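# Tertiary structure, described
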Amino acid sequence: MARSALTREEVLVAAAGLVRQHGPQTLTMRKLAAELGTAVTSIYWHVGNRESLLDALVERTVQEMGTLRPAGRGPAARIVSVARGLRRELRARPHLIAMVHERGLTERMFLPAQRALVHEVHAAGLRGARAADAVRAVQFHTVGFLLVERNRERSPVQSPGEGDLWGGSTAGGDLALARSLARPADPDRLFATSLRALVVGLLAGSGPSEGDRG
């Protein structure tokens, strides 16, 4: 029996879930109807055809990416929180983000995060080209880090691996460094470390920074 009182939002939530799991190429109206326990005609009534559904999913993703809110004491901590939130949201919906990019809406999607960063770099005392450079540096660092992260996750098992390549001689006699590089990288810790270093450098000399650690 087909379910009743289906809403457009329920259709979009279910469709987004299927795209997250399997990618947009596997999303069909029939599969979506089965997921929702309804008739295919009901799906069409709520969202139109498949292309209209994909457009609605893209628009929904753009809106969701606008919910990032800075947190923390002081501009530096708040800038870090925006970048962390951006990485988290991008990681959570790779297929949907790819759809946004394919439809030419990437810059619009990033605008809310950029505006949040602008507010914080202004609060730190940066203006003009220096403020713009800071905003873009944080955005590019976050997106670039994520791309490297995904490539490493998708790569086949390496032979030789990092553990085989790093020893005392290749590390210039620094055995502690060799041991560290031989271990798998911790992406979360590395992102936080590199991001903080970048933000501190960008804000250096911009004004008081009390409470900006975080």
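Summary of the structure given here. (Residues numbered from 1 in each chain as written. Predicted model: local features only at pLDDT ≥ 70, side-chain atom pairs only at ≥ 80, totals over all residues. Heavy atoms only, no water.)

### Observations concerning the overall build of the chain
- Tallying secondary structure elements over the chain gives 11 helices and 0 strands in all.
- Helices and strands in the chain line up, N terminus first, as α-α-α-α-α-α-α-α-α-α-α.
- Expressed as lengths along the three principal axes of its C-alpha atoms, the size of the chain is roughly 70 × 50 × 25 Å.
- Burial statistics for the chain: of 214 residues in total, 37% are counted as buried.
- Partitioning the contacts of the chain with sequence separation of at least 6, the portion at a separation of at least 24 is 71%. (Helix = DSSP H or I, 4+ residues; strand = E, 2+ residues; numbered from the N terminus. Buried < 20%, exposed > 50% of the residue type's maximum accessible area, 1.4 Å probe, protein only. Contact = heavy atoms within 4.5 Å.)

### Examining a nonpolar patch on the surface
- A contiguous nonpolar surface patch, about 320 Å² in accessible area, is contributed by Leu165, Trp166, Leu177 and Leu181.
- Its place among the elements puts leucine 177 in helix H10 (residues 175–182).
- The exposure class of leucine 177 is partly exposed, given its relative accessible area of 37%. (Patch = residues over 30% accessible without salt bridge, like charges linked within 9 Å, V, L, I, M, F, W, Y side chains within 5 Å. Areas by Shrake-Rupley, 256 points an atom, 1.4 Å probe, with all protein chains shown as cover. Salt bridge = Lys/Arg side-chain N within 4 Å of Asp/Glu carboxyl O.)

### Focus on helix H8 (residues 128–154)
- With 27 residues, H8 should reach 39 Å at 1.5 Å per residue; the first-to-last C-alpha distance of 39 Å fits that figure.
- On the buried face of H8, the contacting elements are helix H5 (75–92), helix H6 (94–102), helix H7 (106–123) and helix H11 (187–203). (Expected span 1.5 Å × (residues − 1).)

### Some points on the pattern of salt bridges
- This model, assessed by the stated rule, comprises 13 salt bridges.
- The salt bridge partner of arginine 103 is aspartate 55, with a shortest N-O separation of 2.8 Å. Taken together, the positions of arginine 103 in the loop between H6 and H7 and aspartate 55 in helix H4 (residues 50–64) put the pair 48 residues apart, joining distant regions of the chain.
- Among the residues examined, aspartate 55 registers a relative accessible area of 41% and is labelled partly exposed.
- The residue glutamate 149 makes a salt bridge to arginine 91 at a minimum N-O spacing of 3.3 Å. With a gap of 58 residues between them, glutamate 149 in helix H8 and arginine 91 in helix H5 connect regions that are remote in the sequence.

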